[in-house]
Amino acid sequence: MKISVIGTGYLGAVHAAGMAELGHEVLGVDSDAHKIAELAAGRAPFHEPGLGELLARGVASGRLSFSTSLEDAAAFADVHFVCVGTPQEPGSDRADLRFVDAVVAGLAAHLVRPALIVGKSTVPVGTARRLAALAASAARPGVAPALAWNPEFLREGFAVEDTLAPDRLVFGVDDASSEAVLREVYATVLDRGTPTHVTDLETAELVKVAANSFLATKISFINSMAEVCEAVGADVTVLADAIGEDARIGRKFLNAGVGFGGGCLGKDIRAFRARGHELGVGQALEFLAEVDATNDRRRQRVLDLAAARFDGDLVGRRVTVLGAAFKPDSDDVRDSPALHVARGLHDLGAVVTVHDPAAVDNARRVAPQLGYADDLGDAVAGAELLVLLTEWRQYREADPRLLASLVEDAVVVDGRNALDTTLWTAAGWTVHALGRPVSAPVWNVTPFVETASPVRQEEAVA
Ligand code: UDX
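Residues numbered from 1 in each chain as written. Predicted model: local features only at pLDDT ≥ 70, side-chain atom pairs only at ≥ 80, totals over all residues. Heavy atoms only, no water.

**With respect to the packing of helix H10 (residues 201–232) against helix H11 (residues 236–244)**
Link 1 in the chain: One can describe the packing of H10 onto H11 by two numbers: an axis separation of 9 Å at closest approach and a directional angle of 135 degrees. Relative to H11, H10 is oriented oblique. Our pair here, H10 against H11, has a crossing hand that is right-handed. Touching Phe221, Ile222, Met225, Ala226 and Cys229 of H10 are Val236, Leu239, Ala240 and Ile243, all from H11. (Axes fitted to C-alpha atoms, helices over the stretch in contact; angles between N-to-C directions. Helix = DSSP H or I, 4+ residues; strand = E, 2+ residues; numbered from the N terminus. Parallel < 35°, antiparallel > 145°, perpendicular 65-115°, else oblique. Left-handed = near helix turned anticlockwise from the far one by under 90°. Contact = heavy atoms within 4.5 Å.)

Here it is, written out as C-alpha cells:
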C-alpha cells in the first residue's frame, strides 16, 4: 500500500519505518527539514533502540522516503497517518491542537483522489469527528477523505517492538470501508492474532487517554504508598512486590520513585481532566489532579532529601545527578523528573553536574545553566552527594566500590529504587532510596528514629 506518515517525531518516525518494514511504500513528512534530511539518510534523529537499523533498511529497500511537503504526501499516498504532536496549550491544561488541525486541513486541500486520513496523535475526545468535518470542508469537491482513529500505545525505548508487534490494535471508524483499509494496512500484524478492537471514533480516542490515565494513576498510587512508608520506616519495594503478586493488581508500573515524566502521561492526564470539565463530567476525572500533585511531590521529596543532607543549605555543594532522560533507553528530556530536580538543586545553590548516557545534548539545550560530564567517572569525581534519577543499566550495574573511591562523600539518593542497597551499603554508601528506610554502612549507623514525621527521619540521618 502507499502510505504517508505526517509528523516524524518519536511516534511518526518509528511508525513510518515500521510500515516500510511491513512491506508498504511509505513517505514520511515533517516540516523540520533537518530531521527529514537525517531520516532520508537512514539515520535516527533521536535515541531509540533498533530504529537506526529499521530506517537504514527501509531507505535502502527504496520503500521508505521522506519529504517536507504535504502536497507530496497527498500525491503519493492513499492512506495518511497523522502523527504530529499535541502538546499542552501554553497557560492552560488543554491540548494544543493547532498542529493536528493544520495538517488535516492542509493535506485535505491538496488531495487529488479519495483517501483515508488516520489519526494517531493523542487528542481530546470529540476531536476526530471535528477533524472529519474540517477535512471535508477543506477538500476539493469529489475527493472528501474518510477519517479514522488508530491510537498508538508505543513506549519510548521499546518503540520499534511496540510498533511491529503491538499488544493490541484499536480502529475507530465511521464506516466499513475505513475498517477494511486499516485491516489491509495491518494485515501482517493481524495475521499473528493481535487482539483488535473496532469501535467508534470517540471510544478509540478515549482508549488512549484512559490507558495513560490508568498508568499514571498506578505510578502515583505506589508513590503515595512510598510517602506513607517514609513516615513509618516501611519499605515500598517489598510492599509493591507483595501486592503485585495479586494478579488483579499486577507488579508492572508499581515502581516507586521520582515519578512519571515524558511527553505523554503528564500532559495527557491534564488535557483529559480539562476535557472532562468541558463535557460536564469534571468530577469523574478530578482524581487526576491528585495523581498529578502526588507526582510533583516526589520531585520535591528528592530536593528535600538532598537539602537535608547538608542541614538545609545546598549553596556551593557539589551534587552529581545521574540521569537526564525521563526514562532509560531514551534521550527524551520532555518533562523529565531528572532534569526538573537537577534544575531545582541548581536553583537552591548546588553546583550540579549531570551525567546521562544519551540525553546530555538535549538536556544541555534546555538547561544550559547545569554542568555536564560525558564520562561517569568524571561526573562523580569529588561529589558530596549522588542523586540517581534515571535508572539506566550503566548506573544499576556500576561498581559501588569504584564509585565510592571517586566521590568525596559516599551518600546517594536513589530516586528510582534502582540500586542494590545491600551491595552499595557494603561498599560504604549511605543510600536514601525513596519509600525505603535509609541504608547505611555498619560503621556509619545513626540511630534511626521511628517517627511519623519524615522530617525527623531526615534529620536523624543527615
Ligand atoms: C507512555 C505509555 O506507556 C505509552 O503506552 C504511551 O503510548 C505513551 O506514554 P512512555 O512515555 O514512553 O509511554 O513511558 P512509560 O514507560 O509509560 O513511562 C512513563 C514515565 O513513568 C517514565 O518517566 C517512567 O520512569 C515512569 N514510571 C514508569 C515510574 O515512575 N514507575 C513505573 O512503575 C513505571
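So much for the structure itself; the text now carries on.
**Some thoughts on the domain arrangement of the chain**
Link 1 in the chain: Parsing the chain into structural domains produces domain 1 (2–199) and domain 2 (237–462).
Link 2 in the chain: On a C-alpha basis, the centres of domain 1 and domain 2 stand 35 Å from each other.
Link 3 in the chain: At the boundary of domain 1 with domain 2, total buried surface from both sides reaches about 1,400 Å², with 50% on carbon and sulfur atoms.
Link 4 in the chain: Considering only the surface of domain 1 that becomes buried against domain 2, His47, Asp93 and Glu156 emerge as the three largest contributors, covering 39% of it.
Link 5 in the chain: For the interface between domain 1 and domain 2, the tally reads 10 residue pairs in polar contact (both at pLDDT 80 or more).
Link 6 in the chain: Here the residues of the side of domain 1 that touches domain 2 are counted per class, giving 7 nonpolar, 6 polar and 4 charged. (Domains from an automatic or database assignment. Buried area = accessible area lost by both parts, 1.4 Å probe. Polar contact = N/O pair within 3.5 Å; in protein donor to acceptor, adjacent residues only side chain to side chain. Nonpolar A, V, L, I, M, F, W, Y, C, P; charged D, E, K, R; others polar.)

**Structural notes on the environment of Val302**
Link 1 in the chain: Note on placement: Val302 falls in helix H13 (residues 287–309).
Link 2 in the chain: In this structure Val302 comes out as buried when scored by relative accessible area, which is 1%.
Link 3 in the chain: A C-alpha to C-alpha distance of 8.0 Å links Val302 and Leu434, two positions 132 residues apart in sequence.
Link 4 in the chain: For Val302, the contacting residues outside a window of four places in its chain are Val258, Val341, Val387, Leu389, Val413 and Leu434. (Buried < 20%, exposed > 50% of the residue type's maximum accessible area, 1.4 Å probe, protein only.)

**Here's the deal with the environment of Leu303**
Link 1 in the chain: Relative to the helices and strands, Leu303 is located in helix H13.
Link 2 in the chain: Taking the relative accessible area as the measure of exposure, Leu303 reaches 9% and is therefore buried.
Link 3 in the chain: When the C-alpha positions of Leu303 and Ala342 are compared, they lie 8.8 Å apart, and in sequence the two are 39 residues distant.
Link 4 in the chain: Ignoring sequence-local partners within four residues, the contact set of Leu303 consists of Val341, Gly344, Leu345 and Leu348.

**Describing the environment of Ala102**
Link 1 in the chain: Relative to the helices and strands, Ala102 is located in helix H5 (residues 98–110).
Link 2 in the chain: On the basis of relative accessible area, Ala102 is assigned to the partly exposed category, the value being 47%.

**Quick notes on H5**
Link 1 in the chain: Along its 13 residues, H5 runs 18 Å from first to last C-alpha, staying within 8% of the 18 Å computed at 1.5 Å per residue.
Link 2 in the chain: Next to the buried residues of H5 lie strand E1 (2–6), helix H4 (70–76), strand E4 (79–82), strand E5 (116–119) and helix H6 (127–138). (Expected span 1.5 Å × (residues − 1).)

**Digging into the sheet that holds strand E12 (residues 385–388)**
Strands pair in a sheet through their backbones, by hydrogen bonds, and they do so in one of two ways: parallel or antiparallel.
Link 1 in the chain: Reading across the sheet, the 6 strands line up as E11-E10-E9-E12-E13-E14 and stay open at both edges, with parallel pairing between neighbours. Each edge of the open sheet carries a strand with a single partner, namely strand E11 (371–372) and strand E14 (430–433).
Link 2 in the chain: Judged from the 5 bridges that link them, strand E9 (residues 318–322) and strand E10 (residues 351–355) form a sheet pairing that is parallel. The partner of Leu322 across the bridge, within E10, is His355. (Pairing = 2+ DSSP bridges.)

**Section: the site of the ligand**
Link 1 in the chain: In the neighbourhood of the ligand, 20 residues make up the surrounding shell, with Phe153, Glu156, Asn255, Phe326 and Lys327 lying closest.
Link 2 in the chain: For the ligand, whose free accessible area comes to 670 Å², the fraction covered by protein is 92%.
Link 3 in the chain: Sort the elements by how many residues they give to the shell around the ligand and H10 lands first, with 4 residues.
Link 4 in the chain: A breakdown of the residues in the shell around the ligand according to their chemical character gives 10 nonpolar, 4 polar and 6 charged. (Near = heavy atom within 4 Å. Areas by Shrake-Rupley, 256 points an atom, 1.4 Å probe, with all protein chains shown as cover.)

**Digging into the nonpolar core**
Link 1 in the chain: Within the largest apolar cluster, 52 residues are counted, with the highest numbers of intra-cluster contacts made by Leu345, Val387 and Trp429.
Link 2 in the chain: Those residues within four positions of Val387 in sequence are excluded, and the remaining contacts are Val302, Val319, Thr320, Val321, Leu322, Leu345 and Val413.
Link 3 in the chain: Val5, Leu22, Leu51 and Phe171 belong to the second largest nonpolar core, which has 37 residues in total. (Core = buried A, V, L, I, M, F, W, Y, C linked by side-chain atoms within 4.5 Å.)

**A few points about unusual backbone geometry**
Link 1 in the chain: One non-glycine residue with positive phi stands out, namely Asp311, at about 50 degrees.
Link 2 in the chain: Relative to the helices and strands, Asp311 is located in the loop between H13 and E9.
Link 3 in the chain: Take Asp311: its relative accessible area is 72%, and that puts it in the exposed class.
Link 4 in the chain: At Asp335, a residue that is not glycine, the phi angle is positive and equals roughly 45 degrees.
Link 5 in the chain: Counting through the fold element by element, Asp335 comes out in the loop between E9 and helix H14 (337–347).
Link 6 in the chain: You can call Asp335 partly exposed: its relative accessible area is 32%.

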